[in-house]
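Tertiary structure, described
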Amino acid sequence: MSLRDRISEDLKSAMRAKDALRLSTLRLVQAAIKDRDIAARAEDRCDGCEESEILALLQKLVKQREESAATYENAGRLDLAEREQAEADIVRTYLPTPMDETEIEEAAETVVEELGATGLKDMGKCMGALKQRYTGRMDFSKAGETVKTLLQSRA
C-alpha cells in the first residue's frame with residue numbers, strides 16, 4: 001500500500017474512532033499532499049507528487065511541529081506544546097526509521113567516493129545525491145556537516 005493510500009485509510013479509521021487529534025492531523029497532512037500535487041501538475045507531472053516528495057513533506061511537517069512545540073514551551077503554553085508534539089508523533093509514524101549518525105557517516109562517505117568529490121565545490125552534488133537516495137530517513141543538517149568535514153579533509 002502506498003503512503004498516500006495508508007494516510008487516507010488511517011484518516012477514515014480516525015473518523016470512525018472519533019479520534020479528533022489524529023483526524024485533524026491527517027487532514028492537515030492530506031491537504032499538504034494535495035497542495036504538492038497541484039504544484040506537480042503545474043509542472044506537467046499529471047500523476048501528482050512522488051512518494052519521495054511526500055516523505056520530504058512529512059519530514060518538513062514534523063520539523064515545523066517540533067519548532068512550534070519548542071516556541072510554545074518557551075512561552076509557557078504547555079498545553080499547545082503538548083498538542084504540537086502529539087501531532088509530530090502522529091506524522092512521524094508515516095516516516096521510515098531515521099538513520100543514526102553512523103549510518104549517515106557511511107552514506108556520506110559512499111556518496112563522496114562515488115562522485116569523486118574533491119572539495120567544498122562538490123558539496124551541492126553530494127547533498128543532492130543524498131537527498132535523492134535517503135529522503136525521509138536522513139537528517140540532512142547532520143549529513144551536511146558530515147559531508148563538509150569529509151570534503152574539507154580532501155581539499
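Structure shown above.
All of the points below concern the structure found in this document.

Conventions adopted
Once a new chain begins, its residue numbering starts again from 1 and follows that chain's sequence as written. Local features in this predicted model are restricted to residues whose pLDDT is 70 or higher, and side-chain atom pairs enter the listing and the counts only when it is 80 or higher, whereas totals over whole chains, interfaces and linings include all residues. Hydrogens are left out, water is left out, and the side-chain values use all remaining heavy atoms of the structure. Axis lines are fitted to C-alpha atoms, over the contacting stretch for helices. Their N-to-C directions set the angle, which ranges from 0 to 180 degrees. Secondary structure follows DSSP: runs of H or I at least 4 residues long count as helices, runs of E at least 2 residues long count as strands, and numbering of each begins at the N terminus. Oblique is the label for every angle not falling under 35 degrees (roughly parallel), over 145 degrees (roughly antiparallel), or within 65 to 115 degrees (roughly perpendicular). Here is the rule for handedness: rotate from the far helix to the near one, and if that takes an anticlockwise turn smaller than a right angle the crossing is left-handed, while a clockwise turn gives right-handed. Contacts are assigned to residue pairs that have any heavy atoms within 4.5 Å of one another. Any two of the Phe, Tyr and Trp rings considered here, Trp counted by its six-membered ring, make a pair once their centres fall within 6.5 Å; the pair's planes then place it as stacked at under 30 degrees, edge-to-face at over 60, or tilted in between. Either the NZ atom of lysine or the CZ atom of arginine qualifies as a charge over a ring when it sits within 6 Å of the ring centre and within 35 degrees of the ring normal. Surface patches are drawn from residues lacking salt bridges whose relative accessible area is over 30%; two like charges belong together within 9 Å, two nonpolar side chains (Val, Leu, Ile, Met, Phe, Trp, Tyr) within 5 Å. Methods summary: accessible areas were calculated by the Shrake-Rupley approach with a probe of 1.4 Å, and residue burial reflects only the protein chains presented. Any carboxyl oxygen of Asp or Glu within 4 Å of a side-chain nitrogen of Lys or Arg constitutes a salt bridge here. When charges are tallied, Lys and Arg are placed among the positive residues and Asp and Glu among the negative ones, while His and the ends of the chain are skipped. For this purpose, a charge sits on NZ of Lys, CZ of Arg, CG of Asp or CD of Glu. Only buried residues count toward a nonpolar core. Its members are Ala, Val, Leu, Ile, Met, Phe, Trp, Tyr and Cys residues joined through side-chain atoms within 4.5 Å. Exposure is judged per residue with a 1.4 Å probe applied to protein chains only, and the accessible area is read against the type maximum: over 50% gives exposed, under 20% gives buried, and values in between give partly exposed. Three residue categories are used. Nonpolar comprises Ala, Val, Leu, Ile, Met, Phe, Trp, Tyr, Cys and Pro, charged comprises Asp, Glu, Lys and Arg, and polar comprises the others, including Gly.

So, the packing of helix 5 (residues 101-115) against helix 7 (residues 140-154)
At a minimum axis distance of 9 Å, the contact between helix 5 and helix 7 shows a crossing angle of 45°. By the angle class used here, helix 5 and helix 7 are oblique. As for how helix 5 packs across helix 7, the hand of that crossing is right-handed. Within the contact between the two elements, helix 5 uses Glu101, Ile104, Glu105, Ala108, Glu109, Val112 and Glu113 and helix 7 uses Lys142, Ala143, Thr146, Val147, Leu150, Leu151 and Arg154.

A closer look at the environment of glutamate 84
Relative to the helices and strands, glutamate 84 is located in helix 4 (residues 78-92). Taking the C-alpha atoms as reference, glutamate 84 lies 9.8 Å from threonine 25; in sequence the two are 59 residues apart. Sequence-distant contacts of glutamate 84, that is, excluding residues within four places in its chain, are made with Arg65, Ser68, Ala69 and Tyr72.

Some details on the packing of aromatic side chains
With the rule as written, the count across this model stands at zero aromatic pairs. The ring of phenylalanine 140 carries lysine 131 above its face, with NZ or CZ at 5.7 Å from the centroid.

A closer look at a negative patch on the surface
Negative charge collects at one region of the surface, where Asp100, Glu101, Glu103, Glu105, Glu106, Glu109, Asp139 and Glu145 lie side by side. The greatest single-element share of the negative patch, amounting to five residues, is contributed by helix 5. With respect to the secondary-structure elements, aspartate 100 resides in the loop between helix 4 and helix 5.

Topic: the nonpolar core
Leu3, Ile7, Val29, Ile33, Leu58 and Leu61 are the most contacted members of the largest nonpolar core, which has 21 residues in total. By residue number, the principal contributor to this core is helix 3 (residues 51-74), which donates six residues. Setting aside residues no more than four positions away along its own chain, isoleucine 7 makes contact with Leu26, Val29, Gln30, Ile33 and Tyr94. Met99, Val112, Ala129 and Leu151 belong to the second-largest nonpolar core, a separate cluster that totals 17 residues.

Here's the deal with the packing of helix 5 against helix 6 (residues 123-134)
Contact pair helix 5 / helix 6: the axes reach a minimum separation of 10 Å and the direction vectors enclose 125°. Looking at the two axes, helix 5 sits oblique to helix 6. In this structure, the crossing between helix 5 and helix 6 has a hand that is right-handed. Across the interface between the two elements, Ala107, Ala108, Val111, Val112, Glu114 and Leu115 from helix 5 touch Lys125, Cys126, Ala129, Leu130, Arg133 and Tyr134 from helix 6. By residue class, the composition of the contact of helix 5 with helix 6 is nine nonpolar, no polar and three charged.

Quick word on the environment of alanine 108
Structurally, alanine 108 is set in helix 5. Counting along the chain gives 18 residues from alanine 108 to isoleucine 90, while the straight-line C-alpha distance between them is 29 Å. Apart from residues no more than four positions distant in its own chain, alanine 108 is found in contact with Leu130, Thr146, Val147 and Leu150.

Looking at the pattern of salt bridges
Applying the stated rule across the entire model yields 13 salt bridges. Taking the shortest distance from any N to any O, the salt bridge between arginine 83 and glutamate 87 comes out at 3.4 Å. Residue arginine 83 and its partner glutamate 87 are both found in helix 4; the two are separated by four residues, about one turn of the helix. Residue arginine 83 is classed as partly exposed on the basis of its relative accessible area of 39%. Here the salt bridges do not stand alone but share partners, grouping Arg65, Arg83, Glu84 and Glu87 into one network.

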